[in-house]
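Architecture and fold: a report
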Amino acid sequence: MTATDTKRIFVAAMATETNTFSPIVIDRLAFEASFYAAPGAHPATATLCTAPIPVGRKVCADKGWTLIEGSASWADPAGLVSGAAHVGLRDEILTQLKAAMPVDAVVLGLHGAMVAQGCIDPEGDLLARVRDIVGPDVLVCAELDPHSHLTAKRVAAADFFVAFKEFPHTDFVDRAVDLWALVVDTLEGRIKPVMSTYDCRMIDVFPTSREPMRSFVDRMFALEKTDAQVLSVSAIHGFMAGDVPEMGTKMIVITDDAAAHGEAIAERLGQELFANRGKHMMPSMDEHAAVRAAMDATDGPVVLSDMWDNPGGGTAGDATVVLKELIAQKATGVAVGTIWDPIAVQLCMAAGEGAVMPLRFGAKSAPLTGDPVDAMIKVVTLSETAEMVFGESVVPFGPAARIALLDTDGNEIGIDVILNTVRAQSYDPSLFTAMGIDPLAQKILVIKSTNHFYAAFAPIASEILYCSAGKPYPNDPATNPYRFVRPDIWPRVENPFMQDD
Ligand SMILES: [Zn+2]
């Protein structure tokens, strides 16, 4: 650390979430289409994995410290990151860090589930290279998405990690504030943070909007407040669509120089998660039952989540299984938001609003997403720049076309579909209003999201149905065709801890 009271801190971000089963490769352009900010060009508003930058500006301004900003990038989840994109973004940050030396700390915004062509652990690789540059005594830390892989390489290279506690991730700014508070206390000598981890040897999905995870998260917060030695507690949920050797659920406990205490708490909490294995996931139904239940509801709108065709988890978002079932059961008062099909959008754009025409759309990206729909349609609304809100940020999904499905006599059958060009998870009912659909006036809203939709849709939904339809996403870790994931985690084996005996 520098001898003076003023500190120099380097901050940067490099993030995406890689579904290694997705056929969509992420290149540099995909990062730039989602989010890219050159040094100093990051907007004042945080994005999911870049919150350490705007939060760091405020902290350093208050302290009179120097913040040196590196580049920040985020690509919407899809498949592998191209080798060129990965190495380019990594080396950009490393070059900026070298130019910034000497520094007292390196603070990074990572997601933690990136996989690149030729590199199975890009975040571990980045952290290790950062450590090589700054040496053993400079503080290195990062904020993580809990849907990440906590590899041994990362733990060895960094001093500590703070992950979002909530899923939906409503707290990414709050956790960046926590991370920076630890940075300040460490650099000013008030604490000596030590990170303890525990491997739960399982993989599961942990929505914090429901039990048992809600109480678990509340207890994590309580521990940070009541145990004087505990500085921070994070649960790494893991990301089951990432076929990497160290995929799985882990606990992180940061203590003030009390490693044994931290390890004991991490193990206790980790064993709690393990004891509740299989109980965290929201109960789901297949498309037949879900459409029937939605049609039987007396009140609307029923929100029917096509939970596994979630572009936020790296799928294309073009599955048609639920839509075909809605047509088969003659559902009416339905709005589907969205089905990804840039070619169909282009055809609608060419035809113009009001055009009636045959259209083939959907289910072109991958097997197990259903079959394309062939229908007579009317182009109702077109938008070159459709976007929805997500918390304080804005998510583009256009160019987009709202189409109404017609019967053989040319009458509308009561199902409207929003076709989109930029893949986007259905975060918020504003995606419907953007295309002229009043979500409150619908009987059934079909959306593509696993759980991030919950915060914004729950207040308007008469009922929420989680529908597991087709298999666009590797959603069953017991049977997913993994090549690299270790075999000795639940549910690949019944009890990995018993096997040690
Ligand atoms: Zn996540």
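Residues numbered from 1 in each chain as written. Predicted model: local features only at pLDDT ≥ 70, side-chain atom pairs only at ≥ 80, totals over all residues. Heavy atoms only, no water.

1. Let's talk about the packing of helix H7 (residues 213–226) against helix H8 (residues 259–275)
Contact pair H7 / H8: the axes reach a minimum separation of 11 Å and the direction vectors enclose 170°. The pairing of H7 with H8 is recorded here as roughly antiparallel in orientation. Of the residues in H8, those touching H7 at Met213, Phe216, Arg219 and Leu223 are Ile265, Arg268, Leu269, Glu272 and Leu273. Looking at the contact of H7 with H8 residue by residue, the class counts come to 6 nonpolar, no polar and 3 charged. (Axes fitted to C-alpha atoms, helices over the stretch in contact; angles between N-to-C directions. Helix = DSSP H or I, 4+ residues; strand = E, 2+ residues; numbered from the N terminus. Parallel < 35°, antiparallel > 145°, perpendicular 65-115°, else oblique. Contact = heavy atoms within 4.5 Å. Nonpolar A, V, L, I, M, F, W, Y, C, P; charged D, E, K, R; others polar.)

2. Some remarks on the domain arrangement of the protein
Looking at the assigned domains, one finds that the protein contains domain 1 (8–275) and domain 2 (287–467). A straight line from the C-alpha centre of domain 1 to that of domain 2 covers 33 Å. The partner domain 2 presents 15 residues to the 16 residues of domain 1 that form the contact. Interface of domain 1 and domain 2: buried area, both sides summed, is about 1,300 Å²; carbon and sulfur atoms make up 63% of it. Considering only the side of domain 1, the residues that lose the most area to domain 2 are Ile24, Pro77 and Pro168, jointly responsible for 30% of the buried surface there. Linking domain 1 with domain 2 are 0 salt bridges. Inspection of the region where domain 1 meets domain 2 yields 5 residue pairs in polar contact (both at pLDDT 80 or more). Classifying every residue of the side of domain 1 that touches domain 2 by side-chain character gives 9 nonpolar, 6 polar and 1 charged. (Domains from an automatic or database assignment. Buried area = accessible area lost by both parts, 1.4 Å probe. Salt bridge = Lys/Arg side-chain N within 4 Å of Asp/Glu carboxyl O. Polar contact = N/O pair within 3.5 Å; in protein donor to acceptor, adjacent residues only side chain to side chain.)

3. Topic: the UniProt feature "domain: Microcystin LR degradation protein MlrC N-terminal" (unreviewed entry) in the protein
Per the UniProt record, "domain: Microcystin LR degradation protein MlrC N-terminal" (unreviewed entry) is found at residues 8–295. Note that residues 8–295 is 39% helix and 20% strand, and that its end C-alpha atoms are spaced 60 Å apart. (UniProt positions renumbered as here; feature names shortened; annotations may be inferred.)

4. Remarks on the coordination of the zinc ion
Each protein donor to the zinc ion is listed here as Asp145 (OD), Asp145 (OD), His147 (ND1) and His169 (NE2); together their distances run 2.1 to 2.5 Å. Every donor counted, the 4 donor atoms about the zinc ion form angles of 54 to 147° at the centre, which fits irregular coordination. Written as a sequence motif, the donor arrangement for the zinc ion is D-x1-H-x21-H. Accessibility classification places Asp145 together with His147 in one group, the buried group. (Donors = N, O, S within 2.8 Å, 3.2 Å for Na, K, Ca; no water. Tetrahedral: all angles 85-135°; square planar, octahedral: opposite > 155°, others 65-115°. Buried < 20%, exposed > 50% of the residue type's maximum accessible area, 1.4 Å probe, protein only.)

5. Thoughts on unusual backbone geometry
Excluding glycine, residues mostly carry a negative phi; peptide bonds, for their part, are mostly trans. With an omega of 0°, the peptide bond running from Met101 to Pro102 counts as cis. With omega at 5°, the peptide bond leading from Glu211 into Pro212 counts as cis. Mapped onto the elements of the fold, Pro212 is located in the loop between strand S7 (193–199) and H7. A positive phi angle, near 50°, is found at Arg201, a position not held by glycine. Considering the arrangement of structural elements, one finds Arg201 in the loop between S7 and H7. Look at Arg201 and you get buried, because its relative accessible area is 13%. Non-glycine residue Leu368 carries a positive phi angle of around 70°. Residue position: Leu368 is located in the loop between strand S12 (356–361) and strand S13 (373–383).

6. A word on the UniProt feature "domain: Microcystin LR degradation protein MlrC C-terminal" (unreviewed entry) in the protein
On the UniProt side, "domain: Microcystin LR degradation protein MlrC C-terminal" (unreviewed entry) is annotated at positions that read residues 304–483 here. Helix makes up 14% of residues 304–483 and strand 33%, with an end-to-end C-alpha separation of 33 Å.

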